[in-house]
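# Observations on the model geometry
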Amino acid sequence: MKKTIFALLTMAIACALTACGPSALEIKEMSSDCDFNVEIRYVPNDSIAIFMGNAIYVATSQLVSGNLYPLSISTRTDIDSRAPTDVVNSDEEFAAYINRRVPGVSHFGIVIDENSGNEIGFEKSSAIQMFDNFFSKAYPGSNVVYFDSRNGSLVSAKKLH
């Protein structure tokens, strides 16, 4: 009897916690509202961020030190094309880089792929805080949403500010 009650209580708590988060449709809406995304994922032997469209793809290895700079960024029209690499050395340079490519940006997404845990020394919370602090400082009044990604799909979202 106690096991049955415990199982029912556990299921009720799990359902309540699941119901508190945004639905898949709400997550898609939140992501489509983002003008610019930072996507962080584990990419072995990668040291250059790739900027395509309105997103910058950053390898976890670039963030292990806890310092974003210097950040090497290659702007591409497609993933296979080669392009020169820009080196960004400060928050001001990074904001200017973003503003040149996505003018009027104010809604940001931070996406961390589940494979990021494969990088030794990578701390998800530190990376989120690093980019959230950057967006807050460089873009006062902006909106920032954190997303978890699994197998290329967004599975959760949380508004940071």
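Structure: above.
Structural notes, computed from the coordinates. Here the structure is a predicted model, which is why all the values come from computation and not from measurement.

Let us now look at the nonpolar core. With 32 residues, the main nonpolar core has Phe36, Ile40, Ile56, Phe94, Phe131 and Phe135 as its most contacted residues. Residue assignment for this core shows that the elements contributing at least two residues are strand S1 (36-41), strand S2 (49-52), strand S3 (55-59), strand S4 (71-75), helix H3 (91-101), strand S6 (107-113), helix H4 (124-138) and strand S7 (143-150). In terms of residue count, H4 provides more of this core than any other element does, six residues in total. Those residues in contact with Phe94 that sit more than four places away from it in its chain are Ile56, Leu68, Tyr69, Leu71, Ile73, Val88, Phe131 and Phe134. One finds Met30, Cys34, Val111 and Phe147 within the second-largest nonpolar core, a separate group that totals seven residues.

Locating Ser149 in the fold gives a position in strand S7. Taking the relative accessible area as the measure of exposure, Ser149 reaches 5% and is therefore buried. For Ser149, the side chain forms a polar contact with the side chain of Asp113, separated by 3.2 Å. Beyond its immediate stretch of four places on either side in the chain, Ser149 contacts Val111, Ile112, Asp113, Glu114, Leu154 and Val155.

Looking now at the sheet that holds S7. Read across the sheet, eight strands follow the order S5-S4-S2-S3-S1-S6-S7-S8 without closing on themselves; strand pairing throughout is mixed. Looking at strand neighbours, the two that pair on one side only are strand S5 (85-88) and strand S8 (153-159), the edges of this open sheet. For this sheet, the mean angle separating the axes of adjacent strands, direction not counted, is 25°. One ladder, built from five bridges, connects S1 with S6; its direction is parallel. Residue pairing for S6: Glu39 is matched across the bridge by Val111. Taken strand by strand, helix H2 (residues 24-32) contacts S7 and S8, and its axis lies near 75° from that of S8.

Quick look at the pattern of salt bridges now. Enumeration over the complete set of coordinates arrives at five salt bridges. Across the pair Asp86 and Arg101 runs a salt bridge, and its minimum N-O distance is 3.7 Å. Pair noted here: Asp86 is in strand S5 and Arg101 is in helix H3, with a separation of 15 residues, a long-range link. Relative accessible area serves as the criterion here: at 30%, Arg101 is assigned to the partly exposed category. Between Asp148 and Lys124 there is a salt bridge, and its shortest N-O distance comes to 3.3 Å. You can see Asp148 sitting in strand S7 and its partner Lys124 sitting in helix H4, a full 24 residues away along the chain.

Procedures and definitions
Residues numbered from 1 in each chain as written. Predicted model: local features only at pLDDT ≥ 70, side-chain atom pairs only at ≥ 80, totals over all residues. Heavy atoms only, no water. Core = buried A, V, L, I, M, F, W, Y, C linked by side-chain atoms within 4.5 Å. Buried < 20%, exposed > 50% of the residue type's maximum accessible area, 1.4 Å probe, protein only. Helix = DSSP H or I, 4+ residues; strand = E, 2+ residues; numbered from the N terminus. Contact = heavy atoms within 4.5 Å. Polar contact = N/O pair within 3.5 Å; in protein donor to acceptor, adjacent residues only side chain to side chain. Pairing = 2+ DSSP bridges. Axes fitted to C-alpha atoms, helices over the stretch in contact; angles between N-to-C directions. Salt bridge = Lys/Arg side-chain N within 4 Å of Asp/Glu carboxyl O.

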